[in-house]
Every structure is written in structure tokens, then in C-alpha cells.
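# Working through the structure, step by step
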Amino acid sequence: MSDHVHAPAQEFEYQAEMKQLLHLIVHSLYTHPEVFLRELISNASDALNVVRFRQLADASIVDRDAPLEIRITLNKETREFSIEDTGVGMTKDDLINNIGTIARSGTLAFLKQMKEGQKTLDGDLIGQFGVGFYSTFMVTDEVTIETRHANQDSVGYRWKSLGEGKFTIEETDRTKRGTKISFTLKEDHKEFSEDWRVKNIIKKYSNFVDFPVYVGEEKVNAVSALWQKRRDDLKEDELNEFYKYISNDYQAPLGYLHVALEGSVNFKALLFIPETAPFALFSEKDYKGLHLYANRVLIQDDCKDLLPEYLRFVKGVVDTEDLPLNVSREVTQNSPVMAKINKTLVSKLLGLLEEWANTDSAKYEKFYKNFSPLLKTGVNSDYANRDKLINLLRFESSTTDKGKLTSLKDYVARMGSEQKEIYYVSGDHRDLIERNPNLEYFKKHNIEVLFLIDPIDVFVVPSITEYEKKPLKSIEKADIDVKPEDAQEAGLTESVVKPLLTTFKELLIDKVEDVVASKRLVDSAVTLVIGKEGMDAQTERMMKMFNKEYSGSKKILEVNLSHPLIKNLWAIYQNDSKSPMLKTIAFQLYEGALLMEGNLPSPTEFVARMTEIMERATRA
Ligand SMILES: Nc1ncnc2c1ncn2[C@@H]1O[C@H](COP(=O)(O)OP(=O)(O)OP(=O)(O)O)[C@@H](O)[C@H]1O
């Protein structure tokens with residue numbers, strides 16, 4: 001082969017986006033250049049995993065018996081650095097398509113934003129944004145990749161790039177399977193040609209790579225399947241480092257769970273709950289599933305069938321003896337083994353959260369703040385665990401301090417003997433809820449009301465019809481169980497003022513379903529409540545967000561008959577039942593109530609009417 005004459009190197013150009021990305025990486029953003037090493041080792045390890053998997057079924061791959069390993073060679077004098085793996089290698093198409101394009105959409109936009117905000121991007125974030133290989137250009141001006149793919153009919157290639165917009169590819173005589181990446185370090189990064197420095201970085205970032213990593217002749221990493229250890233033998237340091245390795249997180253996890261099950265299904269799992277939510281917690285396509293091993297061989301590095309979506313923030317590995325190694329994704333999806341593992345993991349994870357909630361509320365609140373929006377979606381999707389999930393819910397309430405949370409269980413324990421229902425009210429934030437007139441009665445009578453502040457709450461809580469046999473009710477509904485307000489005694493009675501209420505109803509006929517005397521108001525003159533079938537104010541607002549045409553359902557206007565303003569209006573009515581003032585005030589009260597709940601579409605008429613009323617009031 002060596003006398004084979006190769007065609008001259010072909011030149012290619014990076015995509016426009018890629019050029020900008022490279023520029024950002026090299027010139028501005030990263031503060032920890034050492035992560036390039038982690039990225040290269042991680043790519044080598046991915047390539048080795050692919051080979052290990054293929055070896056099982058395919059006897060014809062190149063160098064079938066070559067040891068699966070990563071070798072790093074350094075030269076302090078010449079500042080040369082190389083890393084070689086016996087992984088799957090790359091074809092010409094791989095070189096063009098995988099190196100030279102941005103893996104994840106949104107990466108460039110994100111990095112630009114960081115730059116505009118004059119922020120430096122901690123190197124630790126690189127993994128999350130998939131610019132892995134290119135981090136090499138932080139420490140060198142020119143990179144060479146020599147590679148040969150594992151397919152028997154493959155040929156060797158050399159890829160070279162100065163990282164400025166172009167790369168070249170040419171055929172080579174390489175016969176070995178795998179990939180070698182080499183470059184000369186820039187003068188100010190020559191530290192990465194020092195043995196001790198490189199070894200330290202590997203121990204820090206890549207200790208858990210599944211294949212031996214050699215620097216010179218010395219194997220540097222631990223290569224242990226941590227999840228196979230007994231729980232008592234697991235050390236915190238190891239667990240933290242392992243978590244960082246599999247998750248690309250830079251912080252230690254908030255907690256972990258080790259599961260070893262023997263019986264009808266055998267598996268071991270090591271799962272972690274992160275300390276903080278990732279950048280893309282809610283964007284469905286970006287999340288990574290668990291790593292699935294069959295008998296210690298990684299068969300999927302992104303297995304989404306092991307946990308339900310509402311637990312997708314959990315990171316970790318599952319290793320089972322009960323799946324065949326050559327299992328396809330379709331088979332895993334429908335396998336009873338997977339279903340059993342899934343069920344066990346969910347139950348253990350919810351158990352762990354329950355334990356935190358009961359014994360370490362600070363930890364649980366930290367978890368809850370970050371991940372509860374996802375967890376809550378489980379209430380309506382995982383019926384088997386619905387009760388457990390409901391017990392994990394937490395809310396602020398009218399009796400908690402701002403920012404402090406309570407469970408439904410504790411709420412029920414505090415309920416007075418006369419109280420038959422659990423009350424809640426929703427709103428964008430606590431201050432707005434505290435001003436809701438519908439709360440007045442409950443405050444006066446010291447009846448606790450849960451505050452639904454997270455936007456997702458209104459999709460979850462109304463679906464919980466009762467808890468410990470106590471119905472859950474929105475205080476904005478017309479049919480709640482309130483006693484007539486004591487203060488009402490001193491006011492007018494409904495039968496007497498009926499004609500005034502009827503007049504209001506006729507005036508507001510297009511806007512409200514009914515006008516009735518209120519049993520719940522203390523200080524405010526009016527409030528809007530929802531009929532039995534209606535949605536509460538927060539849900540309506542969400543509906544409007546999703547559907548611009550949606551105009552909302554009509555509400556019931558409740559009037560406080562002991563309020564001085566209503567008494568004055570009754571006097572005006574008795575004097576002149578056609579007084580134009582009645583109409584002005586009826587509209588003003590109605591729109592004022594809309595304003596209070598954050599649902600007044602336009603303030604123009606409201607303000608015009610207010611000016612008119614003030615003008616009359618100030619007339620000499
Ligand atoms: N040593 C290698 N052996 C085989 N293929 C490789 C190797 N290094 C890189 N590649 C190929 O190049 C691609 C791009 O690598 P890069 O590090 O830029 O991103 P990534 O690994 O896909 O994403 P991330 O860094 O987020 O894990 C890889 O997905 C892989 O297909």
C-alpha cells in the first residue's frame with residue numbers, strides 16, 4: 001500500500017456558522033482551556049464504545065482484537081501533543097459532516113449572547129453546548145486528524161485545519177483502525193505537554209472513562225464501574241467526580257441513589273439529582289437520557305425509556321444482565337425488563353424525594369425550586385404514582401412567610417374543625433394574590449389559602465379534586481362554602497336592594513353572567529368570581545396566551561352590600577333609578593375588578609371614566 005499514489009488533498013470550507021463559532025471559541029470566550037483534553041478523551045471514549053458494541057456481532061471489523069484504549073503522547077521540547085484511540089474511526093463523510101458542522105442548534109446564538117453580555121463562558125459549559133472538538137483550537141493553531149474507520153473496505157484519511165474557515169482532507173496509508181489527533185501547543189499553553197499536568201487533568205475530568213487512558217506507558221485513570229460497587233464502598237468524592245463526568249455538570253450533585261436489585265430482573269443503577277437545573281430543562285429535544293449498559297457494555301448513551309419524562313432531570317447509569325447486548329432501540333422500548341427497571345427506579349426516586357422532604361426540608365426546597373415544574377407534570381401523566389407525587393407538592397400560602405412552602409398534608413393538619421374544604425387561589429406572584437378581594441373573607445376568618453404561583457400549578461391543582469377526603473376549591477369560584485359575612489348584618493339586605501342589583505346586571509349584560517350580593521367581601525366593594533363551570537383567572541390568562549381568539553367566560557359580579565359606596569348607590573337609585581351615574585359607576589367597578597385580577601384589556605376607558613368621576617367629585 002505504501003507505494004500507492006494518493007490524490008492531492010481536497011480543500012473544504014466550514015459552514016458560515018462554524019466559522020463564527022470557531023472565532024468565538026479561540027478569541028473570546030473560554031476561561032479554562034484545559035477542557036480541550038476532556039473533550040478529546042470523551043470523543044475517543046465514544047468511538048471506543050461504538051467499536052466495543054460492534055465487535056460483539058461483527059467479526060469482520062478492522063483490527064478486531066486490538067485492545068480498546070486511549071494513548072496520549074507528549075513532547076515537552078517540541079510542545080507536541082497527540083491522542084490516539086482504537087475506536088471506530090471516521091470515514092471521509094464523517095470528517096466532512098461531523099467535524100465542520102455545529103452539533104446542536106442554538107449553540108452559536110447562545111455563545112454570541114454570552115459575548116455581547118461581556119461574560120466569559122466557563123469552560124465547564126462547553127460540554128452542554130456541544131462544541132467539543134473545537135475547544136482544541138484554544139491551545140493550538142493547527143490540528144491534524146489521522147483516522148481509519150472500522151469497516152473492512154475503509155481507507156485512511158488525514159484531515160488538517162488551521163481553524164480559520166478551511167480544512168483539507170487527503171487519503172493516507174493508515175492501516176490501523178481508530179483515530180489520532182495531533183498538534184503543536186501554542187507557546188502560552190505549553191503546560192499541556194507536561195506529564196504531571198496532563199495526568200492531573202485526566203484524574204480530575206476523565207477518571208471514569210471506561211477504557212484505559214495512557215500517558216506514555218502509564219495508565220492514568222481508574223476504569224472502574226462505580227455502580228457495581230457495594231453501596232457502603234462508594235465514596236463521596238468518587239460519586240461527585242463520576243456524576244460530573246457523565247453529566248457534564250461542573251457542580252457536585254444534590255444527591256444520589258444507588259440501586260442493586262436481584263430477582264426477576266437484575267440490575268444496578270447509580271442515579272443523580274443535579275444541584276441546579278440545566279439551561280435547557282424544558283426544551284424537549286435537548287435532554288439526554290440515562291446511560292444503559294448490558295453486562296457492563298454501554299449499549300445506549302441516551303436511553304429515554306428508563307424514566308418517565310417528568311423525571312428527565314435525573315442523570316446516571318443503569319447496568320443490567322437481563323438484556324441481550326445486541327438489543328435495538330425498538331426492542332428496548334417494548335421490553336418488559338425495561339418496564340420493570342423503569343418502575344423500580346421511579347419508585348425509588350420518589351422515595352428518595354419523600355425522604356428529603358421529611359428529613360431535610362432545606363435540601364428538598366432546593367430541589368423543588370429547580371425541578372418542581374417538571375415533577376408536577378407527573379401528577380397528570382403517571383397515575384400509578386399520582387398520590388406520591390401529590391404528597392411531594394409544595395405551595396406558599398396565606399399563612400406561610402413569603403418564599404416558604406407547605407405541603408397539603410400540613411395544610412390539612414392546620415385546618416380548623418369547621419373547615420371542610422382546601423382552598424387555593426392563583427396569580428402571577430404573591431403580592432398580586434395578596435391584593436385579591438376574594439381573599440378578604442379568608443384572611444378575616446384565619447382560613448388558610450394555598451397560593452398557586454408557578455404557572456404550571458393551574459394545570460395540576462384543579463385536577464386534584466380531593467386530598468384526604470377534603471375537596472380542593474378555588475376561592476374564585478361562586479360555590480365555595482362561606483358563611484354570610486357578619487359585617488353584612490350592618491349593611492343592606494339582598495331582598496331590599498334587588499332592584500339595584502338587577503339594574504347593574506342589565507347595564508353589564510354583555511360582560512357578566514350575574515350580579516349577586518357577596519358573602520365573602522370585607523373591605524372591597526365588588527369582586528368577580530367564576531361560575532361553577534368556569535376557569536379561574538390564571539387559567540383564563542394561560543388560555544388567552546395559547547389562543548388569541550379566546551375571549552374568556554363570563555363571570556359573576558359579587559357586590560358588598562355593607563360597603564359605603566354601595567349604600568350611596570342605593571340612595572341614588574332610590575332617588576332616580578335612571579341616573580347616568582349608576583352606569584358610570586357600574587362599569588368602573590366592573591373594570592376595576594378586572595384590573596385587580598390582571599385581566600383589563602385596555603385602560604383607556606377606565607381612565608377616562610375615572611377622570612369624569614373625579615371631575616364631578618371636585619366640582620364646587
Ligand atoms: N476520536 C474520534 N473518533 C471517531 N469520531 C470522532 C472522534 N472525535 C470526534 N469524532 C466525531 O466528530 C463529532 C464531533 O465531535 P465534537 O466533539 O465536536 O462534538 P460531539 O462529541 O458530537 O458533541 P459533544 O462535545 O457535545 O459531546 C463526533 O460526534 C464524532 O462523530
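Quick caveat: nothing in here was measured; it's all calculated off a predicted structure.

## Concerning the overall build of the chain
Broken down by element type, the chain carries 20 helices and 22 strands. Looking at the chain residue by residue over its 620 residues, the buried ones come to 52%. In the chain, the proportion of contacts linking residues at least 24 apart, taken out of those at least 6 apart, comes to 72%.

## Regarding the sheet that holds strand S20 (residues 512–517)
Each strand in a sheet pairs with another by means of backbone hydrogen bonds, the pair being arranged parallel or else antiparallel. Strand order in this open sheet of 3 strands is S20-S22-S21, and the pairing throughout is mixed. Two strands in the sheet have a free side with no partner beyond their single neighbour: S20 and strand S21 (526–529). With direction set aside, neighbouring strand axes in the sheet form an average angle of 25 degrees. Bridging between S21 and strand S22 (residues 555–559) involves 4 bridges; their strand directions are antiparallel. Directly across from Thr527, in S22, lies its bridge partner Glu558. On the sheet, helix H19 (residues 580–596) packs against S20 and S21 and is oriented at approximately 60 degrees with respect to S21.

## Describing the sheet that holds strand S19 (residues 470–474)
Strand order in the open sheet formed by 5 strands is S15-S17-S16-S19-S18, with mixed pairing between adjacent strands. Of all the strands in the sheet, just strand S15 (396–397) and strand S18 (466–467) have a single pairing partner and so form its edges. Taken together, the 3 bridges between strand S16 (residues 422–426) and S19 define a ladder with parallel strand orientation. Note on S19: the bridge partner recorded for Ile422 is Leu472.

## Thoughts on the packing of aromatic side chains
Inspection of the entire model under this criterion finds 25 aromatic pairs. When the ring of Phe133 is compared with that of Trp159, the centres are 5.6 Å apart and the planes differ by 75 degrees; the resulting orientation is edge-to-face. Pair noted here: Phe133 is in the loop between helix H5 (126–129) and strand S4 (140–148) and Trp159 is in strand S5 (residues 156–161), with a separation of 26 residues, a long-range link. Pairing Tyr243 with Phe272 gives two aromatic rings, centres 5.3 Å apart and planes at 45 degrees, and the pair type is tilted. Here the residue Tyr243 occupies a position in helix H7 (residues 236–247), and Phe272 occupies one in strand S11 (residues 267–273), the gap between them amounting to 29 residues. Note on accessibility: Tyr243 and Phe272 belong to one class, buried. The residue whose ring lies beneath Arg71 is Tyr214, and the NZ or CZ to ring-centre distance is 4.1 Å.

## Things to note about the packing of helix H9 (residues 336–359) against helix H10 (residues 361–377)
For any two helices packed against each other, one specifies the crossing angle of their axes together with the interaxial distance. Running from N to C, H9 and H10 point in directions that differ by 135 degrees, and their axes come no closer than 8 Å. In terms of their interaxial angle, H9 and H10 are classed as oblique. With respect to the hand of their crossing, H9 and H10 are arranged in left-handed fashion. Here H9 contributes Leu350, Leu353, Trp356, Ala357 and Thr359 to the contact with H10, which in turn contributes Ser361, Lys363, Tyr364, Phe367 and Leu375. Within the contact of H9 with H10, the residues separate by chemical class into 7 nonpolar, 2 polar and 1 charged.

## Here's the deal with the pattern of salt bridges
When their charged atoms lie close together, side chains carrying opposite charge are able to pair. Scanning all chains against the criterion turns up 38 salt bridges. A salt bridge links Asp58 to Arg54, with the nearest nitrogen and oxygen atoms 3.0 Å apart. Residue classification places Asp58 among the partly exposed residues on the basis of a relative accessible area of 22%. Note on Arg54: relative accessible area 26%, which makes it partly exposed. Lys190 is the salt-bridge partner of Glu187, the closest N and O atoms lying 3.0 Å from each other. Given the relative accessible area of 46%, Glu187 is considered partly exposed.

## Concerning the packing of H19 against helix H20 (residues 604–618)
Between H19 and H20, the least distance of the axes is 10 Å, while the angle of their chain directions is 130 degrees. With respect to their mutual orientation, H19 and H20 come out oblique. In the crossing of H19 with H20, the sense of the turn from one axis to the other is left-handed. Contact with H19, carried on its side by Met581, Thr584, Ile585, Phe587, Gln588, Glu591, Gly592 and Leu595, involves Glu605, Phe606, Arg609, Met610, Glu612, Ile613 and Arg616 of H20 and no other residues of that element.

## Describing unusual backbone geometry
For Asp63, which is not glycine, the phi torsion reads 50 degrees and is therefore positive. Mapped onto the secondary structure, Asp63 falls in the loop between helix H2 (35–57) and strand S2 (70–75). Phi is positive for Asn248, close to 65 degrees, though the residue is something other than glycine. By secondary structure assignment, the location of Asn248 is in the loop between H7 and strand S10 (255–261).

## Comments concerning H10
Maximal helix bending in H10 amounts to about 75 degrees, located at Phe371; proline Pro373 follows within four positions. Tucked into the core, H10 has its buried residues touching S11, H9, helix H11 (386–392) and helix H15 (457–460).

## Re the side chain of Glu448
Inspection of the secondary structure puts Glu448 in the loop between helix H14 (440–444) and strand S17 (449–452). Here Glu448 falls in the buried class, since its relative accessible area comes to 6%. Polar contacts involving the side chain of Glu448 include one to the side chain of Ser397, which spans 2.6 Å. Not counting residues up to four positions away in its chain, the partners in contact with Glu448 are Ser397, Ser398, Thr399, Thr406, Tyr411, Arg414, Gln419 and Tyr423.

## Focus on the side chain of Lys268
For Lys268, the location among the structural elements is in strand S11. Here Lys268 sits buried without a salt bridge, and the closest side chain of opposite charge, Glu262, lies 4.8 Å off (N-O distance). Setting aside residues up to four positions removed in sequence, Lys268 forms contacts with Trp227, Gln228, Val259, Ala260, Val317, Val318 and Asp319.

## Details of the environment of Asn599
Of note, Asn599 is situated in the loop between H19 and H20. Residue class for Asn599 comes out buried when judged on its relative accessible area of 12%. Between the C-alpha atoms of Asn599 and Asp523, which are 76 residues apart in sequence, the distance is 21 Å.

## Section: the environment of Ile246
The residue Ile246 is located in helix H7 in this model. Since its relative accessible area comes to 15%, Ile246 is described here as buried. For the pair Ile246 and His291, spaced 45 residues apart in the sequence, the C-alpha separation amounts to 8.6 Å. Not counting chain neighbours up to four residues away, the residues in contact with Ile246 comprise Phe272, His291, Lys315 and Gly316.

Rules of the game
- Residues numbered from 1 in each chain as written.
- Predicted model: local features only at pLDDT ≥ 70, side-chain atom pairs only at ≥ 80, totals over all residues.
- Heavy atoms only, no water.
- Helix = DSSP H or I, 4+ residues; strand = E, 2+ residues; numbered from the N terminus.
- Buried < 20%, exposed > 50% of the residue type's maximum accessible area, 1.4 Å probe, protein only.
- Contact = heavy atoms within 4.5 Å.
- Pairing = 2+ DSSP bridges.
- Axes fitted to C-alpha atoms, helices over the stretch in contact; angles between N-to-C directions.
- Phe/Tyr/Trp six-rings, centres within 6.5 Å; stacked < 30°, edge-to-face > 60°.
- Lys NZ or Arg CZ within 6 Å of the ring centre and 35° of its normal.
- Parallel < 35°, antiparallel > 145°, perpendicular 65-115°, else oblique.
- Left-handed = near helix turned anticlockwise from the far one by under 90°.
- Nonpolar A, V, L, I, M, F, W, Y, C, P; charged D, E, K, R; others polar.
- Salt bridge = Lys/Arg side-chain N within 4 Å of Asp/Glu carboxyl O.
- Bend = angle between axes of the 7 residues up to and from the residue.
- Polar contact = N/O pair within 3.5 Å; in protein donor to acceptor, adjacent residues only side chain to side chain.
- Lys, Arg positive; Asp, Glu negative; His and termini not counted.

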